Amino acid sequence: MTDSSSPLATIRRRLAAAEAAAGRAPGSVTLIAVSKVQPDDRVRAVLAEGQRVFGENYVQEAAAKWPGFRATFPGVQLHMIGPLQTNKAKQAVELFDAIHSLDRASLAEKLARLAQARGSSPALFIQVNTGAEPQKAGILPQDLDAFVAQVRALDLDPQGLMCIPPEGADSAPHFKTLAEMAARNGLPGLSMGMSSDFESAVAHGATHVRVGSALFGARSAKA
Ligand SMILES: *Cc1c(COP(=O)(O)O)cnc(C)c1O
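Residues numbered from 1 in each chain as written. Predicted model: local features only at pLDDT ≥ 70, side-chain atom pairs only at ≥ 80, totals over all residues. Heavy atoms only, no water.

Caption draft 1: A look at the overall build of the chain. When helices and strands are counted, the chain shows nine helices and eight strands. Considering only C-alpha atoms, the chain reaches an extent of 45 × 40 × 30 Å along its principal axes. The burial tally for the chain puts 48% of its 223 residues in the buried class. Put simply, of all contacts in the chain between residues at least 6 apart along the chain, 58% involve residues at least 24 apart. Split by element, the accessible area of the chain, about 9,900 Å² in all, is 54% carbon and sulfur. For the chain, the distance from the average position of its 23 positive side-chain charges to the average position of its 21 negative side-chain charges is 4 Å. (Helix = DSSP H or I, 4+ residues; strand = E, 2+ residues; numbered from the N terminus. Buried < 20%, exposed > 50% of the residue type's maximum accessible area, 1.4 Å probe, protein only. Contact = heavy atoms within 4.5 Å. Areas by Shrake-Rupley, 256 points an atom, 1.4 Å probe, with all protein chains shown as cover. Lys, Arg positive; Asp, Glu negative; His and termini not counted. Charge placed at Lys NZ, Arg CZ, Asp CG, Glu CD.)

Caption draft 2: Spotlight on the site of the ligand. What surrounds the ligand is a group of 13 residues, the closest being Lys36, Asn57, Ser195, Ser213 and Arg219. The contact in question runs from an oxygen atom of the ligand to an N or O atom on the side chain of serine 195, over 2.5 Å. In the environment of the ligand, an oxygen atom lies 2.7 Å from a nitrogen or oxygen atom belonging to the backbone of serine 213. Relative to its unbound accessible area of 390 Å², the ligand is 89% covered by the protein chains. Counted by class, the shell around the ligand contains six nonpolar, four polar and three charged residues. (Near = heavy atom within 4 Å. Polar contact = N/O pair within 3.5 Å; in protein donor to acceptor, adjacent residues only side chain to side chain. Nonpolar A, V, L, I, M, F, W, Y, C, P; charged D, E, K, R; others polar.)

Caption draft 3: Local environment of the packing of helix H2 (residues 40-48) against helix H3 (residues 59-72). The geometry of H2 relative to H3 is characterised by a closest axis approach of 12 Å and an angle of 35° between their N-to-C directions. Along this stretch, H2 crosses H3, giving a crossing that reads as right-handed. Counting all contacts with H2, which are made through Asp40, Val43, Arg44 and Leu47, the residues of H3 involved are Lys65, Trp66 and Phe69. Split by residue class, the contact of H2 with H3 holds four nonpolar, no polar and three charged. (Axes fitted to C-alpha atoms, helices over the stretch in contact; angles between N-to-C directions. Left-handed = near helix turned anticlockwise from the far one by under 90°.)

Caption draft 4: Main features of the pairing of strand S3 (residues 77-80). Looking at chain direction, strand S2 (residues 53-56) and S3 are connected through four bridges and run parallel. Among the inter-strand pairings, glutamate 56 is bridged to a residue of S3, identified as methionine 80. Regarding the hand of the β-α-β motif, the stretch spanning S2, H3 and S3 is right-handed. Relative to strand S4 (residues 98-102), S3 runs parallel, the two sharing two bridges. Of the residues in S4, the one forming a bridge with methionine 80 is isoleucine 99. Where the polypeptide runs from S3 across helix H4 (residues 89-95) and back to S4, its parallel neighbour, the crossover connection is right-handed. (Pairing = 2+ DSSP bridges. Right-handed = clockwise from strand over helix to strand, strands pointing away.)

Caption draft 5: Looking closely at the environment of leucine 144. Inspection of the secondary structure assignment puts leucine 144 in helix H6 (residues 144-153). Accessibility expressed as a relative area gives 0% for leucine 144, which makes it buried. Expressed as a C-alpha distance, the spacing of leucine 144 and lysine 90, which sit 54 residues apart in the sequence, is 25 Å. Once you skip the residues sitting within four places of it in the chain, leucine 144 turns out to touch Ile126, Val128, Ile139, Leu161, Met181 and Asn185.

Caption draft 6: Focus on the nonpolar core. In this structure, Phe54, Trp66, Leu102, Leu111, Ile126, Leu161 and Val209 are the most contacted members of the largest nonpolar core, which totals 59 residues. Ranked by the residues each element gives to this core, the list is headed by helix H5 (residues 105-118), at six residues. If we ignore the near neighbours within four places in the chain, the residues touching leucine 102 are Leu107, Ala108, Leu111, Leu124, Phe125, Ile126, Gln127, Phe147 and Val151. (Core = buried A, V, L, I, M, F, W, Y, C linked by side-chain atoms within 4.5 Å.)

Caption draft 7: Representation of the packing of aromatic side chains in the model. Taken as a whole and judged by the stated rule, the model has two aromatic pairs. Grouping aromatic residues by their ring pairs yields a cluster made of Phe54, Trp66 and Phe69. (Phe/Tyr/Trp six-rings, centres within 6.5 Å; stacked < 30°, edge-to-face > 60°.)

Shown next, in the form of C-alpha cells:
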C-alpha cells in the first residue's frame, strides 16, 4: 500500500507532473528505483508499496539480494545500470531484464553469443559518454552511430541509449544530445535522469529515469 507522504509517493507525483508538463502520456516514463548498497529493510518497504522496477550496479550484490525478494514479491523487473565486466555477462543475463551499460564491442559480442544460446536477451541500452570524460564508461558521441550498426550486425536489437552527465554540470544539454542521437538511430528508449535531474530528463524525452537517493535516502559506501 502506498502511503501518500512516502518518498516513493512523492517521486511518483513529481514524475506524473513532469510527464504532464512535457505533454507526455501518463505512465510513459518508467521509474527505476536504484537500490544499490541500500539496506534490505529500505528496499523491502518500497517493494511493499508496490514498486516493481529496480536498478542495481553490481552483479554480485544483485545476485545475493534479488532471488529472495523475487520469491516474496512477484513481478520484479531488474535493470543493470552499472559497468558490466565481460566475465559477469552470463550471470547478468540470467538475473537482469535489462542492461543499460552496453559500452564496448567485446561486451556486445559476448551478449550476442549468450542471446543466441538462450534464445532471448535482456533489453539493451547503449551507454554514451556524452561528456567525453576519460574516467567514465560509455561510447563516445562521435563513435555512436557506428557502434549501433555494429551491435545490430550481431543480431542484437538495442532498445535505447543511456547517459550519466558529468557531475556538477547542467545535465540538460546532455539529455538533449542523447535524445538526438537516439532519434537519428531509430532507438525508442532513453535512460536518463537521476535524483537531482529526472524532471529535466522527462522534459527531454526520457523513457526510463533512475532514481536512488531521493527514494531510499543517502547511500553509505561504495556508491
Ligand atoms: C547510483 C546511480 C543512479 C542513482 O543515483 P541517485 O543520484 O542516487 O538518484 C542512477 N544511475 C546510475 C548509473 C547510478 O550508478
